[in-house]
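# Report on the structure
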Amino acid sequence: NYHPVLCFAFRNAQVNYAGARWVNQTLPAHLYQTTMGGFNWDNIRSAAGDIVDMAISPTNGHLFYAVHLAGMVRTPDDITYTNVNAGLTSYDLSCLTINTRGQLFLGTSDAGVYRSTNNGATWTQVNAGLGSTVVHDIVVNELFVLFAATDAGVFRSVNNGASWTPLHGGLT
């Protein structure tokens, strides 16, 4: 039996991570790691739910991953794992991105977007102007502009998530 893989994070050409879906009690979700460029994967940690997204901080190398209905997890070394959920009012997590300053943005399926500016220690909701609290994906470009894919279309933030404006042209 193989786990359905939901997401990847790449540290370098050889070390990569994969997050898997919870299938049943005998096949729970796992965090996998390869140190061989993907030719062989090792189960390095079990998860309490689907690992829906992950990212590596460019400022300190910490791996963050979002576990659906269980919260955020951070590891600096693949040995020590810390739940980093302070301020989250929803664990219905759907997506994650990190900008080059190390600021994290977390999308949920029912509470919009959260931001952390302190390595995940605390989270703040940043939904002003966001047309829906159902966020399917969130990305950030090299100019620190955020884009969120929601049930109400695409939204953009040019101020670190403080406010969002719709970008609906042609999405009909």
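Look up a bit, the structure's there.
The following refers to the structure shown. Computed from a predicted structure; not experimentally measured. Just so you know, the residues in each chain are numbered from 1, in the order the chain's sequence is written. Local features are withheld for residues below a pLDDT of 70 in this predicted model, meaning they are given only at 70 or higher, and side-chain atom pairs are given and counted only at 80 or more; totals for whole chains, interfaces and linings count all residues. The side-chain quantities take in all heavy atoms of the structure and omit both hydrogens and water.

### Focus on the sheet that holds strand 11 (residues 113-116)
Convention followed: Should DSSP find at least two bridges between two strands, the strands are regarded as paired. Secondary structure elements follow DSSP: runs of H or I no shorter than four residues count as helices, runs of E no shorter than two count as strands, and numbering proceeds from the N terminus.
The strand order across the open sheet formed by 4 strands is 9-10-11-12, and the pairing between neighbours is antiparallel. With partners counted over all chains shown, the strands left at the sheet margins are strand 9 (93-98) and strand 12 (124-125), one partner each. With 2 bridges joining them, strand 11 and strand 12 adopt antiparallel strand pairing. Each bridged residue has a counterpart across the sheet, and for R115 the counterpart in strand 12 is T124.

### A look at the pattern of salt bridges
Heads up, the condition is: The working definition used for a salt bridge is a side-chain nitrogen of Lys or Arg within 4 Å of a carboxyl oxygen of Asp or Glu.
All told, the structure shown has 1 salt bridge when counted by the stated rule. Of the charged contacts, one joins D50 and R21 as a salt bridge, the two residues approaching to 3.2 Å between their closest N and O atoms. Note that D50 is positioned in the loop between strand 4 (42-47) and strand 5 (51-56) and R21 in the loop between strand 2 (16-20) and strand 3 (29-34), a separation of 29 residues in sequence.

### Here we look at the environment of G61
For the record, the criterion: With a 1.4 Å probe rolled over the protein chains alone, any residue whose accessible area is under 20% of its type maximum counts as buried; one over 50% counts as exposed, and the rest are partly exposed. Any two residues having at least one pair of non-hydrogen atoms within 4.5 Å are treated as being in contact.
Along the polypeptide, G61 turns up in the loop between strand 5 and strand 6 (63-67). Taking relative accessible area as the criterion, G61 reaches 19% and is therefore assigned buried. Sequence separation between G61 and G129 is 68 residues; the distance between their C-alpha atoms is 32 Å. What G61 contacts, discounting residues up to four positions off in sequence, is R11 and I56.

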